[in-house]
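Architecture and fold: a report
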Amino acid sequence: HTQLVESSDGRASNQLSVGVNPENHTPQERIALLKKHIENFVELWGTEKNFAVMKRFIKIYINDFEGAKTLREKLMTIKTAPEMLEYLSTTEYIIK
């Protein structure tokens, strides 16, 4: 189960509870980590929890590389986990 780690002062950190820091990965690896995070969300919550809560993680994974802003903006318009996973699996990105 993947989630943000909250620091002692109450601020969320980009360090994920599974010990993965997206900042230390290539853009392709970050996209794979986001997909895994979405899959874990679906496995844990199914349709019990609104998928919109996952959108706060998109900026953590999809940032600081060319094409990130455009990809992030598109991902924020997607409403369901299956749609996002399909988009991430079937779309070509401009990533450098």
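As the structure is a prediction and not an experimental result, all values here were calculated from the model.

Take helix H1 (residues 27–45) next. In this model, H1 (19 residues) spans 27 Å end to end at C-alpha, consistent with the 27 Å of a helix rising 1.5 Å per residue. The set of residues buried in H1 consists of Pro 27, Arg 30, Ile 31, Leu 34, His 37, Ile 38, Asn 40 and Phe 41. Elements that come into contact with the buried residues of H1 comprise helix H2 (58–61), helix H3 (68–77) and helix H4 (81–90). Phi turns positive one or two residues past the end of H1, at Gly 46, with a value near 55°.

On to the packing of H3 against H4. Across the interface, H3 lies against H4 with an axial gap of 9 Å and an inter-helix angle of 150°. The orientation of H3 with respect to H4, classified from their angle, is roughly antiparallel. In this structure, H3 crosses over H4, and the sense of that crossing is right-handed. Here Leu 71, Lys 74 and Leu 75 of H3 lie close against H4, whose contacting residues are Met 84, Tyr 87 and Leu 88. Its residues assigned to classes, the contact of H3 with H4 shows five nonpolar, no polar and one charged.

Positionally, Gly 46 belongs in the loop between H1 and H2. Taking C-alpha positions, Gly 46 is 9.4 Å from Ala 81, a pair spaced 35 residues apart along the chain.

Relative to the helices and strands, Asn 63 resides in the loop between H2 and H3. At 3.2 Å, the side chain of Asn 63 and the backbone oxygen of Ile 60 are in polar contact. Setting aside chain neighbours within four positions, we find Asn 63 in contact with Arg 30, Ala 68 and Arg 72.

Let us now look at the confidence of the model for the protein chain. The predicted structure's coordinates, where accompanied by low pLDDT, should not be read in detail. Counting all residues, the mean pLDDT for the protein chain is 79, and 73% of those residues have values of 70 or more. For the protein chain, the element scoring lowest by mean pLDDT is strand S1 (residues 4–6), at 42; H3 scores highest, at 94. Across residues 1–18 the pLDDT falls below 50, and counting only partners more than four positions away or on other chains, this stretch makes 36 contacts in the model.

Parameters at a glance
- Residues numbered from 1 in each chain as written.
- Predicted model: local features only at pLDDT ≥ 70, side-chain atom pairs only at ≥ 80, totals over all residues.
- Heavy atoms only, no water.
- Helix = DSSP H or I, 4+ residues; strand = E, 2+ residues; numbered from the N terminus.
- Expected span 1.5 Å × (residues − 1).
- Buried < 20%, exposed > 50% of the residue type's maximum accessible area, 1.4 Å probe, protein only.
- Contact = heavy atoms within 4.5 Å.
- Axes fitted to C-alpha atoms, helices over the stretch in contact; angles between N-to-C directions.
- Parallel < 35°, antiparallel > 145°, perpendicular 65-115°, else oblique.
- Left-handed = near helix turned anticlockwise from the far one by under 90°.
- Nonpolar A, V, L, I, M, F, W, Y, C, P; charged D, E, K, R; others polar.
- Polar contact = N/O pair within 3.5 Å; in protein donor to acceptor, adjacent residues only side chain to side chain.
- pLDDT = per-residue confidence, 0-100.

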